[in-house]
Amino acid sequence: MDYYADRFCPVLNQVISCDYCYEYNLVLHRFFKLSSVPELQEILQREDRIEEARIICQNCPYSDLS
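What you see is a predicted model; the values in this text were computed from it and never measured. (Residues numbered from 1 in each chain as written. Predicted model: local features only at pLDDT ≥ 70, side-chain atom pairs only at ≥ 80, totals over all residues. Heavy atoms only, no water.)

(A) Local environment of the packing of aromatic side chains. Counting across every chain of the model gives two aromatic pairs. Aromatic pair Tyr-20 and Tyr-24: ring centres 5.8 Å apart, planes at 25°, arrangement stacked. With Tyr-20 and Tyr-24 both in helix H1 (residues 18-28) and four residues apart, the pair spans about one turn of that helix. For Tyr-20, a relative accessible area of 42% corresponds to the partly exposed category. The class for Tyr-24 is buried, based on a relative accessible area of 8%. (Phe/Tyr/Trp six-rings, centres within 6.5 Å; stacked < 30°, edge-to-face > 60°. Helix = DSSP H or I, 4+ residues; strand = E, 2+ residues; numbered from the N terminus. Buried < 20%, exposed > 50% of the residue type's maximum accessible area, 1.4 Å probe, protein only.)

The following block contains the structure:
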């Protein structure tokens, strides 16, 4: 698995960069506040999907932060 390549994000249903993926992971795993990533906050709050997004993110192979 190439951790530096762009990848499909099942939370956003689009291809994102590895940097955005890492940032979103940190938010969805509660290391950062959702408000620290305004574009993600806007999408998830608009669709009321924050908890659903956390579950989807945790099941993604790229979400292993260890």
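(B) Expanded view of a nonpolar patch on the surface. Where nonpolar side chains cluster on the molecular surface, the patch consists of Tyr-22, Phe-31, Phe-32 and Leu-65 and spans about 440 Å² of accessible area. Along the chain, Leu-65 falls in the segment after helix H3 (50-58). (Patch = residues over 30% accessible without salt bridge, like charges linked within 9 Å, V, L, I, M, F, W, Y side chains within 5 Å. Areas by Shrake-Rupley, 256 points an atom, 1.4 Å probe, with all protein chains shown as cover. Salt bridge = Lys/Arg side-chain N within 4 Å of Asp/Glu carboxyl O.)

(C) View of H3. Here H3 has its buried residues at Ala-53, Arg-54 and Cys-57. For H3, the buried positions fall inside an angular range of 105° around the axis, keeping them on one side. (Arc of directions from axis to C-beta.)

(D) Layout of the pattern of salt bridges. Following the criterion strictly, the structure yields four salt bridges and no others. Linking Glu-51 and Arg-30 is a salt bridge whose minimum nitrogen-to-oxygen distance equals 3.2 Å. Of the two residues, Glu-51 is situated in helix H3 and Arg-30 in the loop between H1 and helix H2 (38-46); the sequence distance between them amounts to 21 residues. A relative accessible area of 47% places Glu-51 in the partly exposed class. Taking relative accessible area as the criterion, Arg-30 reaches 54% and is therefore assigned exposed. In this structure, the salt-bridge partner of Glu-51 is Arg-54, at a minimum N-O distance of 2.8 Å. Of this pair, Glu-51 and Arg-54 are both found in helix H3, three residues apart, which corresponds to roughly one turn of the helix. Each of Arg-30, Glu-51 and Arg-54 takes part in a single network of salt bridges with overlapping partners.

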